[in-house]
Amino acid sequence: MNDSTASALAEQGKQEYAKGAYLAAAKLFLQAAQTYEKVNDPLNAAEMKNNQSVALLQGGKASDALQAAAGTEEIFENAGDLKRQGISVSNRAAALEGMKKWSEALAEYERAASLFEQAGEGDMHSIVRKASANIHLKFGNVNQTGMDVYDSLRLVEKPTLTQRIMKFLMRIRLIR
């Protein structure tokens, strides 16, 4: 097994994911991760474990998704890769949310938001703020929901037409 084998497995995983075959994709991402580990490529192995986590979550396996992402944050942190570290933390948050562990998920979304802010990743920061807002809304935390939605809109780098309208309305204080 070598790097091209791992790349081929990763590509097959992406194809299965695109078809909606999430559990098949997760299996291929795991095989790619194991292959990358064998050729001593921990960054790509961690990337594949994160992909596996996302596929498992989409396949309805939140607990397995949490387990798949375990340890990836530290690999990216050691490499100084704030963006992928943030992605790893947000994957963990999404898995916790899928397991209905709301307070833990919120804490992880906050950590991910901080990492994305440090990395200058406005769109990713916006996505995790929106996820936080959804959890706050479930519990009736309207003020915090509003703050998260505002941050989500403020941070998006390429806003859609609807987002631009919302930003304008917030700027002229028609909505708060």
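Now for a look at the structure at hand. On a predicted model such as this, the values are computed, not experimentally measured, just so you know.

1. Quick word on the overall build of the chain
And then number 1: Counting its secondary structure elements, the chain contains 10 helices and zero strands.
And then number 2: Here the chain, with 176 residues, has 39% of them falling under the buried criterion.
And then number 3: Pairs at least 24 apart in sequence give 49% of the contacts found in the chain among residues at least 6 apart.
And then number 4: Looking at the chain as shown, the accessible area adds up to about 9,800 Å², and 52% of this sits on carbon and sulfur atoms.

2. Points about helix 7 (residues 102-119)
And then number 1: The end-to-end C-alpha separation of helix 7 is 25 Å, in line with the 26 Å expected for 18 residues at 1.5 Å each.
And then number 2: For helix 7, the full list of buried residues reads A105, L106, E108, Y109, A112, A113, L115 and F116.
And then number 3: Of the surrounding secondary structure, the elements contacted by the buried residues of helix 7 are helix 6 (82-98) and helix 8 (122-138).
And then number 4: Trailing helix 7 by a residue or two, G120 shows a phi angle of about 75 degrees, which is positive.

3. So, the pattern of salt bridges
It is possible for side chains bearing opposite charge to pair when their charged atoms get close.
And then number 1: Here the structure, examined in full by the defined rule, presents seven salt bridges.
And then number 2: The partner of R84 in a salt bridge is D81, and the shortest N-O contact between them spans 2.7 Å.
And then number 3: What you see here is one network of salt bridges that share partners, running through E73, R92, E108 and R111.

4. Thoughts on the environment of E11
And then number 1: Note on placement: E11 falls in helix 1 (residues 3-18).
And then number 2: In the structure, E11 is positioned 14 residues away from A25 in sequence and 9.5 Å away in space, judged by C-alpha atoms.

5. Overview of the packing of helix 6 against helix 7
And then number 1: Where helix 6 meets helix 7, the closest approach of the two axes is 8 Å, and the angle between their N-to-C directions is 165 degrees. With respect to helix 7, the element helix 6 is oriented roughly antiparallel. The chirality of how helix 6 crosses helix 7 is left-handed. Taking contact as the criterion, the partners of L82, K83, Q85, G86, I87, V89, S90, R92, A93, A94, L96 and E97 in helix 6 are, on helix 7, W102, E104, A105, E108, Y109, R111, A112, L115, F116, Q118 and A119.
And then number 2: Its residues placed into classes, the contact of helix 6 with helix 7 shows 13 nonpolar, four polar and six charged.

How each quantity is defined
- Residues numbered from 1 in each chain as written.
- Predicted model: local features only at pLDDT ≥ 70, side-chain atom pairs only at ≥ 80, totals over all residues.
- Heavy atoms only, no water.
- Helix = DSSP H or I, 4+ residues; strand = E, 2+ residues; numbered from the N terminus.
- Buried < 20%, exposed > 50% of the residue type's maximum accessible area, 1.4 Å probe, protein only.
- Contact = heavy atoms within 4.5 Å.
- Areas by Shrake-Rupley, 256 points an atom, 1.4 Å probe, with all protein chains shown as cover.
- Expected span 1.5 Å × (residues − 1).
- Salt bridge = Lys/Arg side-chain N within 4 Å of Asp/Glu carboxyl O.
- Axes fitted to C-alpha atoms, helices over the stretch in contact; angles between N-to-C directions.
- Parallel < 35°, antiparallel > 145°, perpendicular 65-115°, else oblique.
- Left-handed = near helix turned anticlockwise from the far one by under 90°.
- Nonpolar A, V, L, I, M, F, W, Y, C, P; charged D, E, K, R; others polar.

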